[in-house]
Amino acid sequence: MLTDNKANLRIKGNNNSVKKSILITGCSSGIGLDAALTLSTRGYQVFATARKQADVVMLQEKGLTACQLDLTQADSIHAALAFVLKETGGTLDFLFNNGAYGQPGALEDLPTQALISQFESNVFGWHELTKQVIPVMRKQGHGRIIQCSSVLGFVSMAYRGAYNASKYAIEGLSDTLRLELKSANIAVVLLQPGPINTQFRANALSVFTANIDAKDSAHHVEYQQQIARLASKTSNAKFTLEAADVTKALIHALESKRPKIRYRITVPTKLFAVFKRILPTSWLDNLLAKG
């Protein structure tokens, strides 16, 4: 059960205490935007980031402290973190790695460069930012790194291979980090959403159109279903939740004295976690093929 530990936050006031600080990536919409707005009202010192300058302006207009951070550019990552540390006096309590996108398409149709681009944004950028944050957390003696993974970080679905692979990578990196940082008082937590109503589908349709030759593919019939799914303004998947439901799990991960290692969000995520353990692979494949 998610508990409310708002009282545990150190809020700026006459006692010279400071707000808990958090850097969030991918705040232009969806999960990142909801998290930034909610945590700001909850008393956190939120640093919201986005890849496009126009989205940074939008975040600032909503009253958030925001800066540009492009996960595919090391210089942008370093500049954003430098800005945050200047504002906080060199400390950072939490990092929420969230910024990501999904590259749809059958693996046999996927250009290698598109797979590289998927990993640059969803994996390598997270790794670079996390590497820069860890010494800060080590020096201050505490910290939490929250990684937004996915149900597709432990089960795979057809036509989502690039995204599947990137989230599997995040799961493996996070498990390793958790072991390596155990003695440093730095917790590593994974959020595993399932279907969430966000701009994710619209962004995926854009990169699908740019990188996949659907017309001449052996999968062209199946692609028509995929295109219709991605073009829909809302998810047609059962048990779809809202970004706020992910924020609820995030709050628990930030404020609990003993956060969970994994937060499974949505019914499909919880069910497939069980199915993965108990079902023969061929049975699980048949279930996933219907998705």
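Residues numbered from 1 in each chain as written. Predicted model: local features only at pLDDT ≥ 70, side-chain atom pairs only at ≥ 80, totals over all residues. Heavy atoms only, no water.

(A) Summary view of the packing of helix 6 (residues 200-211) against helix 7 (residues 220-231). Viewed as axis vectors pointing N to C, helix 6 and helix 7 meet at an angle of 140 degrees, and their least axial separation amounts to 8 Å. One finds that helix 6 runs oblique with respect to helix 7. Contact with helix 6, carried on its side by Arg201, Ala202, Ala204, Leu205 and Phe208, involves Tyr223, Ile227, Arg229, Leu230 and Ala231 of helix 7 and no other residues of that element. In terms of residue class, the contact of helix 6 with helix 7 is made up of 8 nonpolar, no polar and 2 charged. (Axes fitted to C-alpha atoms, helices over the stretch in contact; angles between N-to-C directions. Helix = DSSP H or I, 4+ residues; strand = E, 2+ residues; numbered from the N terminus. Parallel < 35°, antiparallel > 145°, perpendicular 65-115°, else oblique. Contact = heavy atoms within 4.5 Å. Nonpolar A, V, L, I, M, F, W, Y, C, P; charged D, E, K, R; others polar.)

(B) Structural detail: the packing of helix 3 (residues 74-88) against helix 4 (residues 112-140). For the pair helix 3 and helix 4, the least separation of the axes is 10 Å and the interaxial angle reads 30 degrees. In this structure, the crossing between helix 3 and helix 4 has a hand that is right-handed. Contacts between helix 3 and helix 4 pair Ile77, His78, Leu81 and Leu85 from the former with Gly125, Glu128, Leu129, Gln132, Val133 and Val136 from the latter. For the contact of helix 3 with helix 4, a count of residues per class yields 6 nonpolar, 3 polar and 1 charged. (Left-handed = near helix turned anticlockwise from the far one by under 90°.)

(C) Just the environment of His220, in detail. Assignment of secondary structure puts His220 in helix 7. A relative accessible area of 38% places His220 in the partly exposed class. Apart from the residues within four sequence positions on either side, His220 is in contact with Ala214 and Lys215. Here the side chain of His220 touches Ser217 through a polar contact of 2.9 Å, landing on its backbone oxygen. (Buried < 20%, exposed > 50% of the residue type's maximum accessible area, 1.4 Å probe, protein only. Polar contact = N/O pair within 3.5 Å; in protein donor to acceptor, adjacent residues only side chain to side chain.)

(D) The arrangement of the pattern of salt bridges in detail. Under the definition given, this model contains 5 salt bridges. Salt-bridge contacts for Glu255 lead to Arg42; the nearest nitrogen and oxygen are separated by 2.7 Å. Remark: Arg42 occurs in the loop between helix 1 (30-41) and strand 2 (45-50) and Glu255 occurs in helix 8 (residues 243-255); sequence separation between them is 213 residues. For Arg42, a relative accessible area of 15% gives the class buried. Between Arg178 and Asp175 there is a salt bridge, with its nearest N and O atoms 2.7 Å apart. Of this pair, Arg178 and Asp175 both sit in helix 5 (residues 161-180), separated by 3 residues, roughly a single helical turn. For Arg178, a relative accessible area of 24% translates into the label partly exposed. In the salt-bridge network here, residues are joined through shared partners; they are Glu171, Asp175, Arg178 and Arg262. (Salt bridge = Lys/Arg side-chain N within 4 Å of Asp/Glu carboxyl O.)

So far we have only geometry, and geometry alone does not tell us how the molecule works.
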